[in-house]
Amino acid sequence: MNHLPEDFVFSQSSLQDYVDCPRRFQLKYLLRQRYPAPEVDDLLEFERRMAQGERFHHLLHQHAVGLPADVLQAGISDDEVRGWFDTYLANGLNGVPERRYPEYSLTVPLGDYRLLAKFDLLALGDDKALIIDWKTSRHVPRRDRLQARLQTVVYRYVLAKGGTALNGGNPIPPEQIEMRYWYADHDGQEVAFNYDAAQFKADADYLEGLVREIEDRERFPLTDDMARCAYCTYRSLCERGKYAGSLDEWEQIDEPTDLDDLDFDFDQIAEIAF
Amino acid sequence: MRLLKDQQRVASEHLDTRLYLDGLAGTGKTTAAIERVKTLIRNGVPASSILIWVPQATLAIPYRQALQRARIDADTNVPTTTIGKLAYDMVKLFWPMIANKKELGFQQSEQSNQIEDPHFLSLELVQYYMTRHLGPEIDTNDYFNSVHISRNRLYTQIVDNLNKAALVGFAPDTIGDRLKSALGESVEQSFIYDDAQKSAAKFRELCLQHNLLDFSLQVELFVKHLWPLKEVQRYLTSNFRHLIVDNIEEDTPASHDILRDWLPQTDSALLINDSGGGYRRFLGADPINAAELRDLCQVHITLDNHRVMSKELEALHDELAFSLHQTNDMPDSDVDARDAIAYAPDISYQPQMITWAAESIAALVHEQGVPPREIVIMAPYMPDALRFSLQKELDLQLVPHRSHRPSRALREETASRTLLTLARLAHPQWNLPANKFDVANMLAAAITELDLIRARLLADVLYRQGKLAPFTGITNDALTQRITFDLGMRYQTLFDWLQEYQSQDALPLDIFFSKLFGEVLSQPGFGFHGQTDAANVAANLIDSAQAFRQTISEIEPNLDIPVEYVKMVEEGVIANQYLRDWEDDKRDAVLIAPAYTFLLANQPVDYQFWLNVGSSGWAQRLYQPLTHPYVLSRQWQSGRRWTDDDEVRTDEQTLAYLALGLVRRCRKQIYLGFSQYSEQGYEQRGDLLMAIQTMLRRLNRSEANA
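Because the structure is a prediction, the values reported are computed rather than measured. (Residues numbered from 1 in each chain as written. Chains lettered and ligands numbered in written order. Predicted model: local features only at pLDDT ≥ 70, side-chain atom pairs only at ≥ 80, totals over all residues.)

Glancing now at the overall build of chain A. Each helix and strand in chain A was counted, giving nine helices and six strands. Against the globule reference of 19 Å for 274 residues, chain A gives a C-alpha radius of gyration of 19 Å, in line with a compact fold. In chain A, which comprises 274 residues, the proportion classed as buried is 38%. Considering only contacts in chain A between residues 6 or more positions apart, those separated by 24 or more positions represent 70%. (Helix = DSSP H or I, 4+ residues; strand = E, 2+ residues; numbered from the N terminus. Rg over C-alpha atoms; globule rule 2.2 N^0.38 Å. Buried ≥ 20, exposed ≤ 12 C-beta atoms within 10 Å, placed from the backbone. Contact = placed C-beta atoms within 7 Å.)

Quick look at the overall build of chain B now. Counting its regular elements, chain B contains 26 helices and 16 strands. Taking 706 residues into account, the globule formula puts the C-alpha radius of gyration at 27 Å, and chain B, at 28 Å, falls close to it. Referenced to the eigenvectors of the C-alpha coordinate spread, the extents of chain B come out at roughly 90 × 75 × 65 Å. Counting the 706 residues in chain B, one finds 46% classified as buried. Sequence separation of 24 or more characterises 80% of the internal contacts of chain B that already satisfy a separation of 6 or more.

Turning to the domain arrangement of chain B, a few remarks are in order. Domain boundaries assigned for chain B yield domain 1 (5-79 + 240-303), domain 2 (88-223), domain 3 (337-406 + 584-705) and domain 4 (410-570). Taken over C-alpha atoms, the centre of domain 1 of chain B sits 51 Å from the centre of domain 4 of chain B. (Domains from an automatic or database assignment.)

Residue and element names in this part refer to chain B. Pairing is parallel in the open sheet, where six strands are placed in the order S9-S16-S15-S10-S14-S11. Each edge of the sheet is formed by a strand with only one pairing partner; in this case those strands are strand S9 (341-343) and strand S11 (401-403). With strand direction ignored, the average angle separating the axes of adjacent strands in the sheet is 20 degrees. The pairing of strand S10 (residues 375-379) with strand S15 (residues 605-610) spans four bridges and is parallel. For Met-378, the partnering residue across the bridge sits in S15 and is Trp-610. (Pairing = 2+ DSSP bridges. Axes fitted to C-alpha atoms, helices over the stretch in contact; angles between N-to-C directions.)

All names here are of chain B. Of the residues in chain B, 96% reach a pLDDT of 70 or more, and the chain-wide mean stands at 91. Under a pLDDT of 50 for its full length, residues 579-583 has, in the predicted model, nine contacts with residues more than four places off or in other chains. With a pTM of 0.92, the predicted complex shows an ipTM of 0.92. (pLDDT = per-residue confidence, 0-100.)

With that settled, consider the nonpolar core. Residues and elements named next belong to chain B. Within the largest apolar cluster, 158 residues are counted, with the highest numbers of intra-cluster contacts made by Ile-50, Val-91, Ile-158, Leu-443, Phe-513 and Ala-538. Ranked by residue count, the leading element in this core is helix H4 (residues 83-98), at 10 residues. Apart from the residues lying within four places of it in its own chain, the contact partners of Ile-50 are Val-37, Leu-40, Val-45, Val-78, Phe-240, His-242 and Ile-244. Among the nonpolar cores identified, the runner-up in size contains 58 residues, and Val-376, Leu-390, Ala-659 and Tyr-671 belong to it. (Core = buried A, V, L, I, M, F, W, Y, C linked by C-beta atoms within 7 Å.)

Let's shift gears to the sheet that holds strand S6 (residues 242-245) of chain B. Overall, parallel pairing links the six strands, which are arranged S3-S2-S6-S7-S1-S8 (chain B) in an open sheet. Single-partner strands in this sheet number two, and they are strand S3 (80-81) and strand S8 (299-303) of chain B.

Our focus in this paragraph is the interface of chain B and chain A. Counting residues at the interface gives 55 residues for chain B, matched by 50 residues for chain A. Counting residues per element, the ones that place at least two in the side of chain B that touches chain A are helix H3 (61-69), H4, helix H10 (230-239), helix H21 (509-521), helix H22 (532-555) and helix H24 (595-601) of chain B. Of the residues contributing to the side of chain B that touches chain A, the split by class is 25 nonpolar, 22 polar and eight charged. (Nonpolar A, V, L, I, M, F, W, Y, C, P; charged D, E, K, R; others polar.)

Residue and element names in this part refer to chain A. The element strand S5 (residues 177-183) is extensively covered by neighbouring structure, given that five of its seven residues are classed as buried. Of the pairings in the sheet, the one linking strand S4 (residues 129-135) to S5 comprises seven bridges and is parallel in character. Looking at S5, one finds that Asp-133 is bridged to Tyr-181. As paired elements, S5 and strand S6 (residues 189-194) share six bridges and run antiparallel to each other. Within S6, the residue paired with Glu-178 across the bridge is Asn-194. From the end of S5 to the start of S6, which pair antiparallel, there are five residues, and Asp-187 there has a positive phi angle of about 55 degrees.

For Arg32(A), which is not glycine, the phi dihedral falls at a positive 50 degrees. Along the chain, Arg32(A) turns up in the loop between helix H2 (22-30) and helix H3 (43-64). Unusually for a residue other than glycine, Asn612(B) sits at a positive phi of about 50 degrees. Judged by the 26 C-beta atoms lying within 10 Å of it, Asn612(B) falls in the buried class.

Looking now at helix H13 (residues 311-323) of chain B. Residues and elements named next belong to chain B. Over its 13 residues, H13 runs 18 Å from end to end, which matches the ideal 18 Å to within 8%, given 1.5 Å per residue. The element H13 is largely enclosed, with a buried count of 10 among its 13 residues. Every buried residue belonging to H13 is among Leu-313, Glu-314, Ala-315, Leu-316, His-317, Asp-318, Glu-319, Leu-320, Ala-321 and Ser-323, and all of these are buried. Residue His-325 follows H13 closely and has a positive phi angle near 60 degrees. (Expected span 1.5 Å × (residues − 1).)

Turning our attention to the packing of helix H17 (residues 436-446) of chain B against helix H18 (residues 452-462) of chain B. Helix packing for two helices is described by the angle between their axes and how far apart those axes are. All names here are of chain B. Packing of H17 against H18 leaves a shortest axis separation of 8 Å and a crossing angle of 130 degrees. When the axis of H17 is compared with that of H18, the two are oblique. As for the relative orientation of H17 and H18, their crossing is right-handed in sense. Contact with H17, carried on its side by Lys-436, Val-439, Ala-440, Leu-443 and Ala-444, involves Leu-452, Ala-455, Arg-456, Leu-458 and Ala-459 of H18 and no other residues of that element. (Parallel < 35°, antiparallel > 145°, perpendicular 65-115°, else oblique. Left-handed = near helix turned anticlockwise from the far one by under 90°.)

Residues and elements named next belong to chain B. Packing of helix H16 (residues 414-426) against H22 leaves a shortest axis separation of 8 Å and a crossing angle of 55 degrees. Relative to H22, the element H16 is oriented oblique. Classified by chirality, the crossing of H22 by H16 is right-handed. Note on element contacts: H22 touches H16 through Ala-534, Val-537, Ala-538 and Leu-541, opposite Ala-415, Ser-416 and Leu-419. Among the residues making up the contact of H16 with H22, the classes are represented as six nonpolar, one polar and no charged.

What follows covers the pairing of strand S14 (residues 590-594) of chain B. Residues and elements named next belong to chain B. Taking burial as the measure, the five residues of S14 include four buried ones, the bulk of the element. Of the pairings in the sheet, the one linking S10 to S14 comprises four bridges and is parallel in character. Considered in S14, the bridge of Met-378 is made with Ala-593. Strand direction decides the pairing type here: S11 and S14, joined by three bridges, are parallel. Across the sheet, the residue bridging to Ser-403 is Ile-592, located in S14.

This paragraph deals with the confidence of the model for chain A. For chain A, mean pLDDT is 89; residues scoring 70 or higher make up 91% of the total. Across residues 253-274 of chain A, confidence stays below pLDDT 50; counting only partners more than four residues off in sequence or on other chains, it has 40 contacts.

Quick look at helix H1 (residues 12-20) of chain A now. Here H1(A) has its buried residues at Gln12(A), Ser13(A), Ser14(A), Leu15(A), Asp17(A) and Tyr18(A). In this structure, the buried residues of H1(A) make contact with strand S1 (9-11), H2, strand S3 (113-124), helix H7 (150-162) and helix H8 (197-216) of chain A.

Right, let's talk about the environment of Glu35(B) for a bit. Residues and elements named next belong to chain B. As for its placement among the helices and strands, Glu-35 is situated in helix H2 (residues 29-42). Considering only alpha carbons, one finds Glu-35 and Ala-445, 410 residues apart in sequence, at a separation of 52 Å. Discounting chain neighbours no more than four positions away, the residues touching Glu-35 are Leu-3 and Ala-11.

So, on to the environment of Val605(B). Residues and elements named next belong to chain B. Note on placement: Val-605 falls in strand S15. By C-beta crowding, Val-605 is classed as partly exposed, having 19 other C-beta atoms within 10 Å. Note: C-alpha distance between Val-605 and Leu-662 (57 residues apart in sequence) is 9.9 Å. Contacts of Val-605, omitting those with residues within four sequence positions, involve Glu-374, Ile-375, Val-376, Cys-666 and Arg-667.

This is the structure we're talking about:
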């Protein structure tokens, strides 16, 4: 039985949620159920870090579209963010090709649906296609864990499959693609992953398999890894605990929720009048 | 859907030039435009270099859905925008380039070069600032003393005037003079417009002082100060090489002005004009200004094959157009327009009309297999009483329904009342004690299986002097047994949680709500557990409280924010309307909506039910004593006076546009609901009813003559 709407768009977050806990995927993306329990114990600090991350990403976007660094620096009131921005200016763009697309989104077909990737920065050179994801996390995850994350899988795959229009009508060879995580809070430490045709093929099989599995599912079971439930807002709905887990132990602080969820629609001014 | 020849031309020809497409609603303009976008993408154009521009966000939904479903082996993620979104995005991105411009009047730090970030105001925060800062000003100066409308409606019109200034392109300090010169015949009316001007100026001053950007200021900054900068223009015109601009007639001069500059810089563009449209006039839409963009396009195509209306509906459209004086040509059709309508038998009162509508819908759904989503019920206005009666009758008929109208005020929802009462109990320092009635209701809602009678007993015994007492404090055994040990322990859990909370520093209100929801109320045995609607309401309340805190705390750090928030919710200023859920409501359900809301969503249906056909509201504008959509438009000639003839003419035009626009968005049949007396007991003989009766008499006569 297929529960997916015809115009469903997969993303690395939704697929990661599915892999982590099918029930969470069902509640969040299929039923679109909101459940406003805390995600972590210290919500104020969580909010502060989220705001810092958002501010940092916005600064980099502004810089990428040509606003002078000194003007941007003058507007930073948070010392940590200023430090991150200085680090970025010092080494964030080292070896980054000149044709740059900040905050760029791409979709590609995936089964009967589409798969979306939102890149912080996409940079293309003659023989290189670099995806950069700016990270403001306090922890740098282990390389093997990063490699296994759906973000690494999805971003490289989407660019290889859907980058043609950006490359003069020619597909970008997987071998030219590099995915780079850049850690602002760790002096610009990088964790980079190359790509190749074999991995592209393996990723295609994996992602298509996931979608088929979701389409065929009768039930969406809870995760077996109960530790995840401490950071999931649905924990009380699933009867998996009362209290949110510790913020300090959460490694994924950069991508706790879809930032899309935070967008506010200023068009509503016109809607309200009706 | 197979495309007709002219649609094909739009979809696949003139891909390197500017194309102007017009035609009535239902002739397939948007369908052709969607196909054009697909063709561009198939031809190798990056989806990200195409921009779909619409006057309101909902009009982009058909594009998004079609492109998400498209079987194209390339990126189809085409951005969509409105003038509001574009202004917001550009101001946010390029703010440092204008923040320190002295002529804009923003207060920036004089000690350093530091640029302070702006605060983007949602409509609810605009209402808040108006209430807090403008309200006392209005009271002190006795502004608007001859206007008898609610404060919130007053504020809405002040906002509306500022928005018009930005969207139409006149200086906000000329609002009062413009209105006075056209409408200020009496001294009293002139005073009203003077007061409207002073209020708008006061609000704008407040915004500039604190870097608050309401919708009007965002648009003004974008149009007047950012768009002229070469960096901004280059950013937009180099990123978006292909424009698809739909419903230009519903858009505003601000959009048209930008497009006038932008169009010559594109690789291709498609401008779409709905020839019979212009429904958003009261929001600044200007179809005359829009039509001038035609001259910037090299190719013009008109679509004239109706692809929505049946032959009978086409006949009805033409007959109605004749009755509404939109054409002098007597309609000549080989089918009977009367077959496109059904109407109620003689009905005197509104409840009978509602029952008739619900029964007719039930027959369509249950006997003829019509999907509920293919039915819409509308009226010129959709007050709560009418909406509620319709919902009740449809429930009785087992017909699913949805309401295209902002949901109830959050303060009226049980879930938010429960959270707000608990917040008062947890914060005795606010000096806002809950009343016993609210405490009993809170307990009934918070503890599963606790009925209201026992909740009242608990409140009577355990709620004293603004404080709850522990369940273990009850000494009356009979009472303990009546409550039951199990329910008593749940009460105790809630009590203990509140006690524990009070032993620590108070949290921001939204965080307090979230923890209370997660740690108690949504746990098994408590009232929100598994209650998805309650969870949605709680989430909306938390969002609202968080947005309030985040903005207000930066501007007024000394304000007692939680207390202010609770007061504002109770007064209906904050959390009064919530719009986040309905836009994505795709349920297969009958839609209940005001007529204009349906019209502007631009989604045709098989069956329409027009209720209160005798109401004069189909032709009249809303009563807005502080503003005027025609006078505050770019088409208004300076120095002209608004006359009674203007009023009659625009009412006639309004009715014709609305009625014919609705017919064009119907595929099969229109049910006309009419009751002799209105809700208030007045006889109903509005212009729409008159026009329909004239039409029917004419058709009956010609049938008799034949």
